[in-house]
Amino acid sequence: MAEDLTIQSGSKVEQYQSLLPQIKGLLQGESNLIANLANIAAALKQQFNFFWVGYYLIDDNQLVLGPFQGPVACTRIAYNRGVCGTAWANNETIIVPDVDAFPGHIACSALSKSEIVVPLYRNHTLIGVLDVDSSELDSFDEVDKKYLIEINAMIEDNSLTLR
Ligand code: SME
């Protein structure tokens, strides 16, 4: 695999369309879940410079901080708590245009203003969530949802040995 990333300018769709095959290439031939999640977080950070991007993984009935890029973050989130715990409980993607308007939002950083959380599956089982935070309001829409779901689906299809 190539360990460098070509950064695309242009519309959000164009950026995702350039990034997706590159992420697929990064994952190809690598079966370690943590390594692959780490590279996905890094690739998303490099392309979009999101304020915070990373994974929380279910461990002992809690979400525990996994590979991420950005400022330090809370390590554990309970079921049905915050945006991440709610996405887990409801088994659905959640777009939050304004985190202050989301009841129970967990503020790891006061600088985070909007957020999207996308469930992560392996073998049809929910194993965690991808959380992306922006320092601006209303950063995420259906385009992000579509492509971030596609990115997480690469993990579902990846024949992983870990976890
Ligand atoms: N805001 C999230 C917590 C995780 S941090 O943003 C990295 C939530 O409400 O679940």
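In this report, the structure presented in the accompanying data block is examined.

### Side note on the site of the ligand
Step number 1: By nearness alone, 13 residues border the ligand, and Val 83, Cys 84, Ile 106, Glu 115 and Asp 133 come closest of all.
Step number 2: Between the ligand and Glu 115 there is a distance of 3.0 Å, counted from a nitrogen atom to a side-chain nitrogen or oxygen.
Step number 3: One nitrogen or oxygen atom from the side chain of Asp 131 is found 3.4 Å from an oxygen atom belonging to the ligand.
Step number 4: The protein chains hide 99% of the 310 Å² of surface that the ligand would expose on its own.
Step number 5: Spatially, the ligand is embedded in the largest cavity.
Step number 6: Mapped by element, the contributors of at least two residues to the shell around the ligand are strand S1 (52-59), helix H3 (82-90) and strand S6 (125-134).
Step number 7: No other element matches the three residues that H3 contributes to the shell around the ligand.
Step number 8: Taken together, the residues of the shell around the ligand sort by class into eight nonpolar, two polar and three charged.

### Observations concerning the environment of Asn 36
Step number 1: When you line up the elements, Asn 36 lands in helix H2 (residues 33-48).
Step number 2: Between the C-alpha atoms of Asn 36 and Ile 155, which are 119 residues apart in sequence, the distance is 8.0 Å.

### Notes on H3
Step number 1: For H3, a buried count of seven out of nine residues is recorded, marking the element as mostly surrounded by other parts of the structure.
Step number 2: Here H3 has its buried residues at Gly 82, Val 83, Cys 84, Gly 85, Thr 86, Ala 87 and Trp 88.
Step number 3: Those residues of H3 that are buried are in contact with S1, strand S2 (62-69), strand S3 (76-78), strand S4 (94-96), strand S5 (114-122) and S6.
Step number 4: Immediately beyond the C-terminal end of H3, within one or two residues, lies Asn 91, with a positive phi of roughly 55°.

Rules behind the numbers
- Residues numbered from 1 in each chain as written.
- Predicted model: local features only at pLDDT ≥ 70, side-chain atom pairs only at ≥ 80, totals over all residues.
- Heavy atoms only, no water.
- Near = heavy atom within 4 Å.
- Polar contact = N/O pair within 3.5 Å; in protein donor to acceptor, adjacent residues only side chain to side chain.
- Areas by Shrake-Rupley, 256 points an atom, 1.4 Å probe, with all protein chains shown as cover.
- 1 Å grid on protein atoms, 1.4 Å probe; cavity = no way out; pocket = protein on both sides within 12 Å on 5 of 7 lines; lining within 4 Å.
- Sits in = over half its atoms within 2 Å of the grid points.
- Helix = DSSP H or I, 4+ residues; strand = E, 2+ residues; numbered from the N terminus.
- Nonpolar A, V, L, I, M, F, W, Y, C, P; charged D, E, K, R; others polar.
- Buried < 20%, exposed > 50% of the residue type's maximum accessible area, 1.4 Å probe, protein only.
- Contact = heavy atoms within 4.5 Å.

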